[in-house]
Amino acid sequence: MLKQIEGSVAVAEAVALCRPEVVCAYPISPQTHIVEGLGRIVASGALGSCQFINVESEFAAMSVAIGASAAGARAYTATASQGLLFMAEALFNASGLGLPIVMTVANRAIGAPINIWNDHTDAMSQRDCGWIQLFAETNQEALDLHIQAFRLAEELSLPVMVCMDGFILTHAYERVDMPTQEQVDHYLPPFEPRQVLDPAEPVSIGAMVGPEAFTEVRYLAHAKQMQALDLIPAWAAQFRRAFGRNSGGLLHAYAIDDAETVVVALGSVLGTVKDTVDEMRSRGAKIGVLGITCFRPWPLAAVSAMLSGAKRVVVLEKSLAVGVGGIVSTNVRTTLTGRAVPVYDVIAGLGGRPITKASLERVFVDAMNDELRLTTFLDLDAAVVEKVLHRESETRRSGPLAENVLREMHGIPAR
Amino acid sequence: MAFQPVKYYQTGTFTVGNRLLPPEVRAVQSSERRSNALNSGHRACQGCGEALGARYAIDAAMQATNNRLIAANATGCLEVFSTPYPETSWQLPWIHSLFGNAAAVATGIAAALKAKGKAGVRVVAQGGDGGTTDIGFGCLSGMFERNDDVLYLCYDNEAYMNTGVQRSSATPPAARTATTTAGNVFNEGKNLPAIAMAHGIPYVATATIADLHDLEHKVKRAMQLCGARYIHVLVSCPLGWGHASDASIRIARLAKETGLFPVFEAERGELTSVSHIRHKVPVEEYLRPQRRFAHLFAPKLRSDVIAALQDIADRNIERFGLLDRPG
Amino acid sequence: MMRKPFAITLDRGSSLANHTGTWRTLRPQYVDRLPPCNAGCPAGEDIQGWLARAEAGDYEGAWRLLTEENPLPAVMGRVCYHPCEGACNRGQLDEAVGINSIERFLGDEAIRRGWSFDKPKKSGGKRVLVVGAGPSGLSAAYHLARLGHQVEIREAGPFAGGMMRFGIPKYRLPRDVLDAEVQRILDMGVVLKLNTKVANVLQAKEEGGFHAVFLAVGAHIGKRAYIPAGASARILDAVSVLRSMEGAERPQLGRRVIVYGGGNTALDVARTAKRLGASEAIIVYRRTREKMPAHDSELEEALQEGVMVKWLSTIRQAEGSSITVEKMKLDEKGFPQPTGELETLAADSVVLALGQDVDLGLLDGVPGLEIADGVVKVGPNMMTGHAGIFAGGDMVPSERTVTVGVGHGKKAARHIDAWLNGKTFAKSRVNAPASFDKLNPWYYSDAPKTMRPTLDIVRRQSTFDEVLRGLDEKSALFEARRCLSCGNCFECDNCYGVCPDNAVIKLGPGKGFEFNYDYCKGCGLCAAECPCGAIEMVPESI
């Protein structure tokens, strides 16, 4: 059914359709509307005996989900940024124990300095924790991915995080097509756990594994995640047949067949990128777009195939590995090993800085002319940073970085 | 109400069982059909008080719930010595997640059971003092304030033992640990039972491994109730406290009989019963056999510190009425 | 069926593959130790054993176990001086268990319920003559009959019982109780010939076709001391006085009776005199109360009944209505020395209670005997110097009590049985003592001793009713349950409960426990928390 609703609410309704049994709620911008939405649905009685628990921290949220999932309940929670970090230990624990928890991450920057706006630092910081990571491009895809996520998680017995850009998607009112309960029930059968805490068949979950078996356990975790590379396209195909939409899958290619320059990106920015690319293509540029939906496991073969005809790649990412450079670009470069294809890394939108079509076009043109540096910070205020660096080199006690930048930007005299 | 021991049956209810006692008055531990929830083959040290306390508590809980029980365990000695791959000693469904989240995991299990309509299956969470009073404190408090249907069992051996005897907020004053080599400082530490009572939860109790009937009674009482419940069990540690492996029960008994460890029950924040001291002893008798207090006796006798500890014991005796014999 | 992830999730019971028993350097063992009560009983009763049955309410079982060793519990419960209680470890906690009271209860219960001894399992034994139907003779006859021998007791007096009949007054040992227990022994097929004095042992043995003889004639001749006495002075000996109490005529002692001596016999006579109507019964004893051989509890009862004692005094002279006593004082060695101070006491009669001698007449002409200090020497097998002639009780060197006599009878019977079969009786292995330091007293309930009720003083003085009443069943049960069961497992389940490694196997009620050495780490908690010290830790062989 078509609705014009806030992205968070769409996700809440989609999760509710999946019949969760335990929902853990802890507030953090910008996901809070999701758990609030679920809270209203549970309170209405529509979800029967579903337990909605107001936990005391994100660490508790994931821990409660772990307990619930291990006891055979379909468990869900949502978080962002600092909250994701606070539950980091539990994330590794959930994937290590193989518990099919689904979590929404409303992508947000990580402090210090504190920043509540969108970028992908949070999800990227946990890319190695063993969870499957899916990135939604639109609100429709966000709600669809949750339905697919439960199916995928329970089939593989692995936790899945569905990432959607904080504020940009969560707080945007867009038209979405909400499935019916019958459709979802048909696609997503009741949870049949692979292992469960049950007095009828007692087991001990969470043993200590030493050097003699740890490697094998980790290998198996890796192998299991790699199975997702087959399962995700299959479930997406089934979703298309059942719901009539092309949501999910490993990646979405756009105008890529004849593209010499391919722009790789994740999340909502793909909309702006495609608009920019449309305009450039209308002027004859051979440029295309590859949207990555499944970031973990990294779909190496699929990406490699999609980039087989490219002469150059521009990775536009909202993430930065301090001391190294881009994160997504590193994965892309790995994929293109052995091919002499330049990969230009454009780091943009950090901390919610808007990404404009004009800026994108500038940087795409530079890339097509191979005039782009290998790593570029989009719309960086070079003057400010140079002044700060200069002062820091002269004065030992120059104060916190963030404060210095702000002073420069606002023209406040230095101390 | 405090457990009323049977009198004049040779050993009354001081011993685990007795062929003269009617079976229903004997401890759960005396039965050949006890669950042995923590079975043989585990790697606890010789004479481990925690292994004993855990089996005591869980067997009692198993009986009270007709074996319909699930346990969540924090990281620590108990978890490490009971589940080293490929061996587990646990006879009931059991999960170990992290160090600080046993209470939260238990909350999740209880929620799942409720969602699935499995009302008869109950949940316990268990952890050592480190995992409970320090790193697990936040999750514990959250479980308390939500009144989740979980019985939390804290096995208090008064330090982080599994990592090599480091101080926790449960370490008593003057005790020597690897991180308090001159003896733990006075006026620090947390009184978890009091904190639990301050949350107003349905049931809080303390117990020791030296008084089995009392501990079992408290576990059974707890399982009669719903909501957040907390039992704090003093368990001796031969290695960490520095006493002989066969002295574990005797030392725990002395902790109670000196008044240093008051044994009591409370419901909704109000004290409901006290386990009286049978034969009061001075704290010195408790301190001497433990090497973690050896520095109080040599190279010179620290009577000032011992007096300060005696003062703590005396104040406990007064506050809880530990010597007031019931009429 | 779960598809469990590799290594992370483990199946129940997998820890049993880890045999932690390999960690041990000490291993626990169940032991039986010898309880001090058993060790101290002159009759060798398994006191801990029968207390264990009594405390479970199995009184008949307790009585049967008791009478394996001692056939006279109702008597014992009245006259034994209970060295068991003196040794009882419970005395170091609160008070000794009232073993004597419980023994009496069991004995009385057996009489009340008419329990009888089992018929002897064996038969076709030899013929044995027992001379004397006192405690020692009766005990020997009982044990010999149980071993299948044909026993004939020849008793010189008109009743069986020895000192039990003729020495101990009725108010301490009612005669119907004594008769019942004697009869029960006779019901086993023991032949008793009363009024049959054996003048010559060898002759009696030969003529009767006996294969062995047990002599238990006791010491019935009162010792005399030389006291200058006037013609009208009435001087009697205690043994005769007490013996004559059994007859139809009561002895005439007068209103003011002096008893000379400090033993139990002296007390018995003095208390009897009071009951016969004496207004004064005064014991004259040459030393002090601490040195007095009589049992203090009996002295207490005597004093309560109005008996008086003149300590540190000897009798110099006796006249018709008075005696002269001399005050003594103890020297540094504790011996009484005369002071020269004299005093006159009114006296209608003087009863000498200065000890007893054995009538050794029947031993004339028996070669090989060794007689010293008026008693017959015997070897550790209770045999005299003459093969086949055994002896026990007051006629051999011993502490002269009923219980010791009973113990001698049992011991002799076993050795006689062995000797008749050409074997030697070897006592089975004696266990290590169950001393108090081996116990863990914490586990025993606080419970003071019950006290036996006594008769009112006045009634005691005027009648021969039994003074000390026995316990009722509830009290006897309570008392039996105070027993600590020193050194012998009483299935308290402590070891089974305190093992952190679940390495004690409970075999079932009555079957005890077993260690599971596959898992026992040797921590020693079981031994430390065993209330009765029935577990010891021994070095493991590595």
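Above this text you will find the structure in question.
Residues numbered from 1 in each chain as written. Chains lettered and ligands numbered in written order. Predicted model: local features only at pLDDT ≥ 70, side-chain atom pairs only at ≥ 80, totals over all residues. Heavy atoms only, no water.

With that settled, the discussion passes to the interface of chain A and chain B. Between chain A and chain B, the residue contacts involve 36 residues of the former and 36 residues of the latter. Summing both partners gives a buried area of about 2,800 Å² for chain A against chain B, and 64% of it is carried by carbon and sulfur. Three residues stand out in chain A for area buried against chain B, namely Glu-56, Pro-199 and Met-208 of chain A, and they jointly supply 20% of the buried area on that side. Summed over the shared surface of chain A and chain B, the number is two salt bridges. Note that Glu-21 of chain A and Lys-116 of chain B form a salt bridge whose closest N and O atoms lie 3.0 Å from each other. Between chain A and chain B we count 14 residue pairs in polar contact (both at pLDDT 80 or more) in total. Of all the secondary structure elements, the ones that give two or more residues to the side of chain A that touches chain B are strand 3 (51–54), helix 3 (58–70), helix 5 (88–97) and strand 9 (203–205) of chain A. If one sorts the elements of the side of chain A that touches chain B by residue count, helix 3 of chain A sits on top with eight residues. Split by residue class, the side of chain A that touches chain B holds 22 nonpolar, nine polar and five charged. The pairing of strand 9 of chain A with strand 2 (residues 94–96) of chain B spans two bridges and is parallel. Of the residues in strand 2 of chain B, the one forming a bridge with Ser-204 of chain A is Trp-94 of chain B. (Contact = heavy atoms within 4.5 Å. Buried area = accessible area lost by both parts, 1.4 Å probe. Salt bridge = Lys/Arg side-chain N within 4 Å of Asp/Glu carboxyl O. Polar contact = N/O pair within 3.5 Å; in protein donor to acceptor, adjacent residues only side chain to side chain. Helix = DSSP H or I, 4+ residues; strand = E, 2+ residues; numbered from the N terminus. Nonpolar A, V, L, I, M, F, W, Y, C, P; charged D, E, K, R; others polar. Pairing = 2+ DSSP bridges.)

Turning next to the interface of chain B and chain C. Every contact between the two is made by 50 residues of chain B and, on the other side, 48 residues of chain C. For the chain B and chain C pair, buried surface summed over both sides reaches about 4,500 Å², with 51% attributable to carbon and sulfur atoms. For the pair chain B and chain C, the number of links is three salt bridges. For Glu-55 of chain C, the salt bridge identified is with Arg-19 of chain B, shortest N-O distance 2.8 Å. Inspection of the region where chain B meets chain C yields 39 residue pairs in polar contact (both at pLDDT 80 or more). For the side of chain B that touches chain C, the secondary-structure elements that each account for two or more residues are helix 1 (49–64) and helix 9 (248–258) of chain B. For the side of chain B that touches chain C, the element with the most residues is helix 9 of chain B, which contributes five residues. The class makeup of the residues in the side of chain B that touches chain C is 15 nonpolar, 23 polar and twelve charged.

Next up on the list: the packing of helix 12 (residues 264–275) of chain C against helix 13 (residues 296–304) of chain C. Residue and element names in this part refer to chain C. At a minimum axis separation of 10 Å, helix 12 and helix 13 run at an interaxial angle of 20°. As judged from the angle between their axes, helix 12 and helix 13 are roughly parallel. Here helix 12 and helix 13 pass one another in a crossing that is left-handed. Across the interface between the two elements, Asn-264, Leu-267, Asp-268 and Arg-271 of helix 12 pack against Glu-298, Leu-299, Glu-301 and Ala-302 of helix 13. When its residues are assigned to classes, the contact of helix 12 with helix 13 shows three nonpolar, one polar and four charged. (Axes fitted to C-alpha atoms, helices over the stretch in contact; angles between N-to-C directions. Parallel < 35°, antiparallel > 145°, perpendicular 65-115°, else oblique. Left-handed = near helix turned anticlockwise from the far one by under 90°.)

Okay, helix 13 of chain C next. All names here are of chain C. Burial in helix 13 covers these residues: Glu-298, Leu-299, Glu-301 and Ala-302. Within helix 13, the buried residues cover an arc of 160° as seen down the axis, which keeps them to one side. Positive backbone phi, at 100°, marks Gly-306, one or two positions downstream of helix 13. (Buried < 20%, exposed > 50% of the residue type's maximum accessible area, 1.4 Å probe, protein only. Arc of directions from axis to C-beta.)

For the rest of this paragraph, the subject is unusual backbone geometry. Put simply, Ser-29 of chain A and Pro-30 of chain A share a cis peptide bond, and its omega is 0°. At the junction of Gly-111 of chain A and Ala-112 of chain A, the peptide bond is cis and its omega measures out at 5° in the coordinates. Locating Ala-112 of chain A in the fold gives a position in the loop between strand 5 (102–107) and helix 6 (121–125). The backbone of Asn-147 of chain B sits at a positive phi, close to 55°, despite the residue not being glycine. Among the structural elements, Asn-147 of chain B can be located in the loop between helix 5 (137–146) and strand 4 (151–156). Here the phi dihedral of Asp-493 of chain C falls at roughly 70°; this positive angle occurs in a residue that is not glycine. With respect to the helices, strands and loops of the structure, Asp-493 of chain C is situated in the loop between helix 16 (473–480) and helix 17 (494–498). You can call Asp-493 of chain C buried: its relative accessible area is 2%.

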